[in-house]
Amino acid sequence: MERDRQNSDRKIRVTVVAPARALSSEAADAVTALADEQYPKLHLNFDPQCFLRQGHFAGSDDKRREAFLSAANDPDCDAIWFARGGYGSIRLLDGLIEQMGPRARRKAYLGYSDTGSLLGALYGAGIGSCLHAPMPSDIVRQNGQAAVRRALDVIAGRTEAAKQGTAPQAAFNLTVLAALNGTKYMPDLTGHILHLEDIGEYHYRIDRAFAQLATSDWFSRLAGVSLGRFSDIPENDIDFGMEAHEIARHWCAATGVPVLGDSPIGHDAENAVIAFG
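First, a word on what this report is: a plain description of the structure on this page. Computed from a predicted structure; not experimentally measured.

The full count for this structure, using the stated rule, is nine salt bridges. For D61, the salt bridge identified is with R64, shortest N-O distance 3.0 Å. Placement of the pair is D61 and R64 together in helix α3 (residues 61-72), with a separation of three residues, close to one helical turn. The salt bridge partner of R205 is E201, with a shortest N-O separation of 3.7 Å.

Moving on: the packing of aromatic side chains. Under the criterion given, the structure shown has eight aromatic pairs. On the numbers, 5.4 Å between centres and 80° between planes, the contact of F172 with F276 is edge-to-face. Of this pair, F172 sits in strand β6 (residues 169-173) while F276 sits in the segment after β10 (274-275), and the two are 104 residues apart along the sequence. Of the residues examined, F276 reaches a relative accessible area of 9% and is grouped as buried.

For the rest of this paragraph, the subject is the layout of surface pockets. Volume-wise, the second largest pocket comes out at about 400 Å³. As for the second largest pocket, its lining consists of 24 residues, of which G86, Y87, S113, D114 and H267 are closest to the centre. At the level of secondary structure, the elements contributing two or more residues to the lining of the second largest pocket comprise α6 (174-180) and β7 (193-199). No other element matches the three residues that α6 contributes to the lining of the second largest pocket. Looking at the lining of the second largest pocket residue by residue, the classes come out as seven nonpolar, nine polar and eight charged.

Glancing now at the environment of T175. Structurally, T175 can be placed in helix α6. Between the C-alpha atom of T175 and that of L152, which follows or precedes it by 23 residues, the distance is 26 Å. Sequence-distant contacts of T175, that is, excluding residues within four places in its chain, are made with D198 and E201. Polar side-chain contacts of T175 include one of 2.7 Å to the side chain of D198. A distance of 3.5 Å separates polar atoms of two side chains, one belonging to T175 and the other to E201.

With that settled, the discussion passes to unusual backbone geometry. One non-glycine residue with positive phi stands out, namely S113, at about 60°. Within the secondary structure, S113 sits in the loop between β4 (108-111) and α4 (116-124). Take S113: its relative accessible area is 12%, and that puts it in the buried class. Its identity as a non-glycine residue notwithstanding, D232 has a phi of 50°, on the positive side. Relative to the assigned elements, D232 resides in the loop between β8 (224-231) and α8 (244-255). A relative accessible area of 59% places D232 in the exposed class.

Side chains of strand β3 (residues 79-82) alternate between two faces, with A79 and W81 and I80 and F82 buried alike. Strand direction decides the pairing type here: strand β1 (residues 12-17) and β3, joined by four bridges, are parallel. The residue of β3 that forms the bridge with T15 is I80. Judged from the three bridges that link them, β3 and β4 form a sheet pairing that is parallel. Bridge pairing in β4 links W81 to L110.

The rules we used
- Residues numbered from 1 in each chain as written.
- Predicted model: local features only at pLDDT ≥ 70, side-chain atom pairs only at ≥ 80, totals over all residues.
- Heavy atoms only, no water.
- Salt bridge = Lys/Arg side-chain N within 4 Å of Asp/Glu carboxyl O.
- Helix = DSSP H or I, 4+ residues; strand = E, 2+ residues; numbered from the N terminus.
- Phe/Tyr/Trp six-rings, centres within 6.5 Å; stacked < 30°, edge-to-face > 60°.
- Buried < 20%, exposed > 50% of the residue type's maximum accessible area, 1.4 Å probe, protein only.
- 1 Å grid on protein atoms, 1.4 Å probe; cavity = no way out; pocket = protein on both sides within 12 Å on 5 of 7 lines; lining within 4 Å.
- Points joined across faces, edges and corners; volume = space filled by probe spheres on them.
- Nonpolar A, V, L, I, M, F, W, Y, C, P; charged D, E, K, R; others polar.
- Contact = heavy atoms within 4.5 Å.
- Polar contact = N/O pair within 3.5 Å; in protein donor to acceptor, adjacent residues only side chain to side chain.
- Pairing = 2+ DSSP bridges.

Written out as structure tokens, the structure reads:
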């Protein structure tokens, strides 16, 4: 993206890879058509790996890791856009950072949900520009084109990522961050505003994830927590007694971390782009 500003005739090259579940060809075709029509400065390339299927995943761990590293180390690729979430990104982390060369450090990496494992690891290692952002799979949502355009606008340099306050920021799915917490890939979030969202989790699981984070040493060193949308929460057989935001406020109060209000992130078409750092 920096090189595009230096050479106005050069397209910004974006490679889409799927570190978790496979992407449908229909979604890829719809995103390609949108980009071709409305973003002439972008060149989108969907790696064939996006459409592989092996059990739950878009190909084996080796295939998914290989596709990511190929794009990360490609000197002609400016940004890597994760195709979709689901589950699988954390399986790629072991040894991944060590295989990323100098070219990988000058790229943008965009995604959310399960791909937060990769974004967190990359951010912690100081590699590239990491952004919580809508993904190609969002095109199938109601008003999904607006979500996809939000990411493409940032890639194309038409708009900037959302910002809350002056502190550095990070944005995660709560369950994904809880899984990353305590591993060697967990980034240092001292002094950060932490944006959190989740989908499809029972209230007791939301509480358990917040408890896991709040009882970690780093949590009390946050500048604050901003609460995104917690959607599609299943009904438990015993009422938990607190809603998702009440749970978050409970654990933040217990650790002295301020809650800074609502965050514009979530598993929906209104999901915002937030840059790490």
